[in-house]
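One-letter residues, chain by chain:
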Amino acid sequence: MMSRQIQPTLIALDSNTLTTLFRHHALDVYRQVDERRLCVYVPIIVYAEKAIYPKMPIDNVIEALNAQVAPLKIEHARFLGRLWQTLPDPFRQQRKRELWRPHRFDWLIAAMVRHEGWTLVTEDQGPAFSIEDLNTLGISEFVEEYLLTE
């Protein structure tokens, strides 16, 4: 009898969740990854934030959670372009530019996550993370759904 292989849940971590997950849940996340229940990604944009926040323990997080740094691909940029064109009427061209400037990294992360079909663990409630069909969880929701299941 052939056993059915369970596909891991693909999650991406936003910068505002890295430290908390690392400090309080690293072992639990690592176990889920080791058991192939989770696959953890850190978008390259989040990884690059270590240049701005040098005390962010991102390399430790990647190692402890057995995470993969996910590159930004041309497909993500194209997806962002298609997504951008579908924003509703309140986001007219001028408003879209105002939305882009302060949130451009969030929009890129959201496009990566949505295109890849990952679930984003974030505490951010900004406009980029409110797009249709983007799966997001806060830390407490993530812990409850994926780490307290046994």
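Topic: the overall build of the protein
Counting its regular elements, the protein contains six helices and five strands. Helices (α) and strands (β) of the protein occur, in sequence order from the N terminus, as β-α-β-α-α-β-α-α-β-β-α. Compactness check: the protein gives a C-alpha radius of gyration of 16 Å against a globular reference of 15 Å for 150 residues, within 12% of the reference. Counting only C-alpha atoms, the protein reaches 55 × 45 × 30 Å along its principal axes. Scored against the burial criterion, the 150 residues of the protein give a buried share of 42%. For the protein, the proportion of contacts with a sequence separation of at least 24, taken over those separated by at least 6, is 66%.

A closer look at the layout of surface pockets
In this model, the largest pocket occupies a volume close to 290 Å³. In terms of lining residues, the largest pocket is bounded by 15 residues, among which L83, T86, L87, I131 and E132 are the most central. Elements represented by at least two residues in the lining of the largest pocket include exactly α4 (74-85) and α5 (93-116). Of the residues in the lining of the largest pocket, the class split is nine nonpolar, two polar and four charged.

Looking at the pairing of strand β2 (residues 38-43)
Across the six residues of β2, six count as buried, placing the element largely inside the fold. Of the two faces of β2, both are covered, the one formed by L38, V40 and V42 as well as the one formed by C39, Y41 and P43. For the crossover from strand β1 (residues 9-13) across helix α1 (residues 15-34) to β2, the handedness is right-handed. Relative to strand β3 (residues 68-70), β2 runs parallel, the two being bridged by three bridges. Each bridged residue has a counterpart across the sheet, and for V42 the counterpart in β3 is V69.

Some remarks on the confidence of the model for the protein
Per-residue confidence for the protein gives a mean pLDDT of 87, with 91% of residues at or over 70. The least confident element of the protein, judged by mean pLDDT, is α5 at 86; the most confident is strand β4 (residues 119-121) at 97.

A short note on the sheet that holds strand β5 (residues 135-137)
Strand order in the open sheet formed by five strands is β3-β2-β1-β4-β5, with parallel pairing between adjacent strands. Only two strands of the sheet have a single partner each, and these edge strands are β3 and β5. Within the sheet, the average angular offset between the axes of one strand and its neighbour, ignoring direction, is 35 degrees. Across three bridges, β1 lies against β4 in parallel orientation. Its bridge partner being in β4, I11 is matched across the sheet by T119. Contacting β1, β2 and β4, α1 runs over the sheet at an angle of about 155 degrees to β2. The sheet contacts of helix α6 (residues 139-147) involve β1, β2, β4 and β5, and relative to β5 the element is tilted by about 95 degrees.

What counts, and where the lines are drawn
- Residues numbered from 1 in each chain as written.
- Predicted model: local features only at pLDDT ≥ 70, side-chain atom pairs only at ≥ 80, totals over all residues.
- Heavy atoms only, no water.
- Helix = DSSP H or I, 4+ residues; strand = E, 2+ residues; numbered from the N terminus.
- Rg over C-alpha atoms; globule rule 2.2 N^0.38 Å.
- Buried < 20%, exposed > 50% of the residue type's maximum accessible area, 1.4 Å probe, protein only.
- Contact = heavy atoms within 4.5 Å.
- 1 Å grid on protein atoms, 1.4 Å probe; cavity = no way out; pocket = protein on both sides within 12 Å on 5 of 7 lines; lining within 4 Å.
- Points joined across faces, edges and corners; volume = space filled by probe spheres on them.
- Nonpolar A, V, L, I, M, F, W, Y, C, P; charged D, E, K, R; others polar.
- Right-handed = clockwise from strand over helix to strand, strands pointing away.
- Pairing = 2+ DSSP bridges.
- pLDDT = per-residue confidence, 0-100.
- Axes fitted to C-alpha atoms, helices over the stretch in contact; angles between N-to-C directions.

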